[in-house]
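Each chain is listed here by its residues.
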Amino acid sequence: MSRMSSGPAVHQETEMVRQIDRNAEPPSSSPEGRVRRGPVDLSVALAGVTLRTPIVSASGCFGSGREISEFYDLRQLGAVTVKSMTLDPWQGKPTPRMVETPSGMLNAIGLQNKGVEYFLQYDLRWLNSAKVPVIASIAGNTKDEFVRVADRLRGAPGVIAIEANISCPNLEDKDSMFSHDAKATAAVIAAIRRQLEVPLFVKLSPNVTSITEIAGAALDSGAQGLSLINTVVGMAIDIETGKPELGGVMGGLSGPAIRPIAVRAVYEVHQAFPDVPIIGMGGVMNAHDALEMLMAGATVVAVGTANFVNPESGIEIAAGMEKFMADRGIRNVAQLKRSA
Ligand SMILES: Cc1cc2nc3c(=O)[nH]c(=O)nc-3n(C[C@H](O)[C@H](O)[C@H](O)COP(=O)(O)O)c2cc1C
């Protein structure tokens, strides 16, 4: 995922998604494909910080941003959300880890990452030199692991918020995901919250009966914001062998196929908790999709799978939004949302 600019595997992934997305509307952008300066102000406030645009990267789809920085200056994004990190390195799931599906892709990476120390030593230093705000995504298999990762991130420079990816098996409770249970969500969030000096966003899973119930549990336990949605659980079977196509058997569906689910989830949660900042994501491929997500109630929009199709999608989406707003005389994002 983090090696989109080189290597056959990456080329294959990029090609795969390009094919599945061939029907997607091309992003509307300025001729240069860059955010244009003009009367439109795209800046938004998140976690007490003013972001240059409401477009941020989604965790796991952007690496640390190094490779994408070969395509554009990351300061043109609102922020970079990094791949979820755990206390120690995680090896991830067996291959194959990605499968093409209609208008989307399934992945079962298994949160492969090099651990929080590596992040602090290498990725964060690099991101700081790129001068881009960082949203640090954390993961763990126990409450204690989450707490220890959060603790290591205390005072980390440039980290404006922590995003807790609670779509992880809870080893202390029959391996059921933290994010699928209101009590487990409340317990892990309350524990993480105590360690933090920066706002805590909780990333919610759509694979639940009531997303507002889980959102409420997270907020009652001290979360200041919500990120939604994570991938939708899915599966694909190779009919020649009769075996699952993913090494991990089941995986997470992302891309345009899940966008209506994401829009519904953001809308529902925003209606229930109108004052809570939301990082909305799920299948956002172009400016239209980002505008739709903002109108559903998102404060900012995260772009994930689209980066595999087009590494410049983040800034092209921002440019398309700017054009849409300029054409309609909408001067800022607050006005855009009021007009919805
Ligand atoms: C290859 C891949 C890896 C991902 N890794 C993570 C991760 O480490 N942590 C996380 O919270 N979400 C992860 N996600 C989920 C995305 O951040 C996002 O929530 C989801 O893909 C929906 O957005 P999209 O359709 O724009 O990709 C991953 C998604 C993909 C496709």
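Values in this document were obtained by computation on a predicted structure and should not be read as measured data.

(A) Geometry of the packing of helix H3 (residues 143-152) against helix H4 (residues 182-193). The contact between H3 and H4 brings their axes to 9 Å, and the two run at 25°. Taken together, the axis directions place H3 and H4 in an arrangement best described as roughly parallel. Relative to H4, H3 is oriented so that their crossing is right-handed. Of the residues in H4, those in contact with Lys143, Phe146, Val147 and Ala150 of H3 are Ala187, Val188, Ala191 and Ile192.

(B) Region of interest: the site of the ligand. With respect to spatial proximity, 23 residues lie near the ligand, and among them Ser59, Ser84, Lys203, Gly283 and Thr305 are the closest. One of the backbone nitrogen or oxygen atoms of Gly255 is found 2.9 Å away from an oxygen atom of the ligand. Within the complex, 98% of the 600 Å² of free accessible area of the ligand lies under protein. In a pocket analysis with a 2 Å cut-off to the grid points, the ligand is assigned to the largest pocket.

(C) Region of interest: the layout of surface pockets. Estimated volume of the largest pocket: approximately 1,100 Å³. Taken together, 50 residues line the largest pocket, and the ones lying closest to its centre are Asn107, Leu111, Asn230, Thr231 and Gly252. The biggest single contributor to the lining of the largest pocket is strand E14 (residues 250-254), with 4 residues. Class assignment of the residues belonging to the lining of the largest pocket gives a composition of 23 nonpolar, 23 polar and 4 charged.

Each value, and the rule that gives it
Residues numbered from 1 in each chain as written. Predicted model: local features only at pLDDT ≥ 70, side-chain atom pairs only at ≥ 80, totals over all residues. Heavy atoms only, no water. Axes fitted to C-alpha atoms, helices over the stretch in contact; angles between N-to-C directions. Helix = DSSP H or I, 4+ residues; strand = E, 2+ residues; numbered from the N terminus. Parallel < 35°, antiparallel > 145°, perpendicular 65-115°, else oblique. Left-handed = near helix turned anticlockwise from the far one by under 90°. Contact = heavy atoms within 4.5 Å. Near = heavy atom within 4 Å. Polar contact = N/O pair within 3.5 Å; in protein donor to acceptor, adjacent residues only side chain to side chain. Areas by Shrake-Rupley, 256 points an atom, 1.4 Å probe, with all protein chains shown as cover. 1 Å grid on protein atoms, 1.4 Å probe; cavity = no way out; pocket = protein on both sides within 12 Å on 5 of 7 lines; lining within 4 Å. Sits in = over half its atoms within 2 Å of the grid points. Points joined across faces, edges and corners; volume = space filled by probe spheres on them. Nonpolar A, V, L, I, M, F, W, Y, C, P; charged D, E, K, R; others polar.

Keep in mind these values describe shape, not function.
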